[in-house]
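Residues per chain, in single letters:
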Amino acid sequence: MKLLAVESSCDDSAVAVLDEYGNATAELVSSQLIHSTHGGVVPEIASRLHMTVLPGLIEKVLKIAGTTTHDIDVFAATAGPGLTGSLLVGLSWTKAAAFAVGKPFLGINHLAAHLHIHYNSAVEFPAIALLASGGHTMIFHMLSWEECFLLGTTRDDAAGEAFDKTAKLMGLEYPGGKAIDILAEKGNPDAVTLPSPLGSRKLPEFSFSGLKTAVRLVWERGDVSPENLSASFRKTVCDLLVSKTMYQAGRLKAKSVLVAGGVSANSLLRSIFSFECGRRGISVFLPELKHTMDNAVMVGRAALSALDSDPFAHSDYSCNTFPRWHGKHLSPLSM
Ligand code: KG4
Ligand code: ZN
């Protein structure tokens, strides 16, 4: 079985061909670097670049996988949440290709896709999942891959957004999570005491906008080095993410903790999760670095998960994009 997956929800065009076990026979990502000069993603530029890049990227991936659209058995693309113009490019191409060769098409939820990067790993349930990216910060309770329930989200900024805004304040490139992570390695995490809004570990909700303001006030004082501020900020965010996730893992007797999304690339976050899960005897699942950011392998695995629970699973051609997800029960299929 061959599955072609396409992701275009924000500023990364990504394509992958997967086998029935979720292994990628070919995968490519093309990131739109131009947004760094604007300090954030410009939606119109993003959708136009997807239109320019995606057809060639798909052709290349098919070539690497040694196949053509005629040999693909299932087609999947992200339907949302994300930027409408960007989503439309990947979704429309994929629907059209599936229609042309008469094969099923699946519209995939991007948030479920991030968690499904761990689909072909030995995850034991119940599990607690943390999704921390540029647009989302959410904790889920998973009883199985199909039974995934939202416990809490952020009331304002996402964790990745907080990293990006802190980086921008210090004159670093967009997106700035990685740059802060690198600077933080040379700083003292106890140099500055920052507030931990909604700090109770029992509350599975987040708020990062007050932290962002506190960081700005410290930075404007001018007496703290970028290294020390980065280290203190990184530690504050990671402590919030880990303590809230681990509290839910204990409360709901989780056997596994899954971490996903761009912020799961953070080196401190990865080491604290490994330590905390290790000492509690809970298995921790951290994505390979290349799969922390938006990619098409996670989209393909989410589609496989939907097909494993229902071999006839598919989306109608009327499946549309959606900018936000406000549900409680997260499923791989968008509708
Ligand atoms: O999942 P992703 O690629 O896109 C979204 O769906 O948002 O996540 C991108 C986010 C950005 O905010 C970026 O700054 C953050 O992930 N990020 C990091 C690191 N690498 C990327 N945040 C903290 N530490 C990192 N090493
Ligand atoms: Zn994402």
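Small disclaimer: the values here were computed from a predicted structure and weren't measured.

1. Some details on the nonpolar core
Consideration 1: By size, the foremost hydrophobic cluster in this structure holds 63 residues, and its most contacted members are Leu106, Ile108, Leu115 and Phe140.
Consideration 2: Among the elements that take part in this core, helix H9 (residues 297-309) stands out by supplying eight residues, more than any other.
Consideration 3: Each of domain 1 (3-115 + 291-309) and domain 2 (124-289) gives at least three residues to this core.
Consideration 4: Residues within four places of Ile108 in sequence aside, it is in contact with Ala76, Ala77, Thr78, Ala79, Gly80, Ala113, Val299, Ala302, Ala303, Pro332, Leu333 and Ser334.
Consideration 5: Among the nonpolar cores identified, the runner-up in size contains 38 residues, and Ala162, Val242, Ile272 and Phe273 belong to it.

2. Overview of the sheet that holds strand E2 (residues 12-18)
Consideration 1: Spatially, five strands are ordered E3-E2-E1-E4-E5 in an open sheet, and the strand pairing comes out mixed. Either end of the sheet is taken by a strand with one partner, and the two such strands are strand E3 (24-31) and strand E5 (105-109). Strand-to-strand twist in this sheet, taken as the mean axis angle between neighbours without regard to direction, amounts to 15°.
Consideration 2: Here strand E4 (residues 74-80) runs beside E5; their pairing, made up of five bridges, is parallel.

3. Regarding the coordination of the zinc ion (ligand 2)
Consideration 1: Protein ligation of the zinc ion (ligand 2) involves His110 (NE2), His114 (NE2) and Asp294 (OD), the donor distances falling in the range 2.1 to 2.2 Å.
Consideration 2: Between the four donor atoms coordinating the zinc ion (ligand 2), the angles at the centre fall across 93 to 139°, so the site counts as irregular.
Consideration 3: Here the donor residues for the zinc ion (ligand 2) map to a single chain with the spacing H-x3-H-x179-D. Of this pair, His110 sits in helix H3 (residues 110-115) while Asp294 sits in the loop between strand E10 (283-285) and H9; the two residues are 184 residues apart in sequence, bridging distant segments of the chain.
Consideration 4: With relative accessibility at 12%, the residue Asp294 sits in the buried group.

4. Some thoughts on the pairing of strand E8 (residues 148-152)
Regular strands show a simple pattern: their side chains alternate between the two faces of the sheet.
Consideration 1: Relative to E8, strand E7 (residues 137-142) runs antiparallel, the two sharing four bridges. Bridging from a neighbouring strand, Phe140 pairs with Leu150 of E8.

5. With respect to the packing of helix H7 (residues 226-251) against helix H8 (residues 267-280)
Consideration 1: It is at 10 Å that the axes of H7 and H8 come closest, and there the two elements cross at 30°. Of the two elements, H7 crosses H8, and the hand of that crossing is right-handed. Across from Arg234, Lys235, Cys238, Asp239, Leu241, Val242, Thr245 and Met246 in H7, the residues of H8 making contact are Ser267, Leu268, Leu269, Ile272, Phe273, Glu276, Cys277 and Arg280.
Consideration 2: Broken down by class, the residue content of the contact of H7 with H8 amounts to nine nonpolar, two polar and five charged.

6. Side note on the domain arrangement of the protein
Consideration 1: On domain assignment, one finds that the protein holds domain 1 (3-115 + 291-309) and domain 2 (124-289).
Consideration 2: On a C-alpha basis, the centroid separation for the pair domain 1 and domain 2 is 27 Å.
Consideration 3: Facing 14 residues of domain 1, the contacting portion of domain 2 comprises 22 residues.
Consideration 4: Summing the contributions of domain 1 and of domain 2, the shared interface buries around 1400 Å²; its carbon and sulfur component is 67%.
Consideration 5: Considering only the side of domain 1, the residues that lose the most area to domain 2 are Leu111, Leu115 and Thr292, jointly responsible for 48% of the buried surface there.
Consideration 6: Elements with a minimum of two residues in the side of domain 1 that touches domain 2: H3 and H9.

Basis of the calculations
Residues numbered from 1 in each chain as written. Chains lettered and ligands numbered in written order. Predicted model: local features only at pLDDT ≥ 70, side-chain atom pairs only at ≥ 80, totals over all residues. Heavy atoms only, no water. Core = buried A, V, L, I, M, F, W, Y, C linked by side-chain atoms within 4.5 Å. Buried < 20%, exposed > 50% of the residue type's maximum accessible area, 1.4 Å probe, protein only. Helix = DSSP H or I, 4+ residues; strand = E, 2+ residues; numbered from the N terminus. Domains from an automatic or database assignment. Contact = heavy atoms within 4.5 Å. Pairing = 2+ DSSP bridges. Axes fitted to C-alpha atoms, helices over the stretch in contact; angles between N-to-C directions. Donors = N, O, S within 2.8 Å, 3.2 Å for Na, K, Ca; no water. Tetrahedral: all angles 85-135°; square planar, octahedral: opposite > 155°, others 65-115°. Left-handed = near helix turned anticlockwise from the far one by under 90°. Nonpolar A, V, L, I, M, F, W, Y, C, P; charged D, E, K, R; others polar. Buried area = accessible area lost by both parts, 1.4 Å probe.

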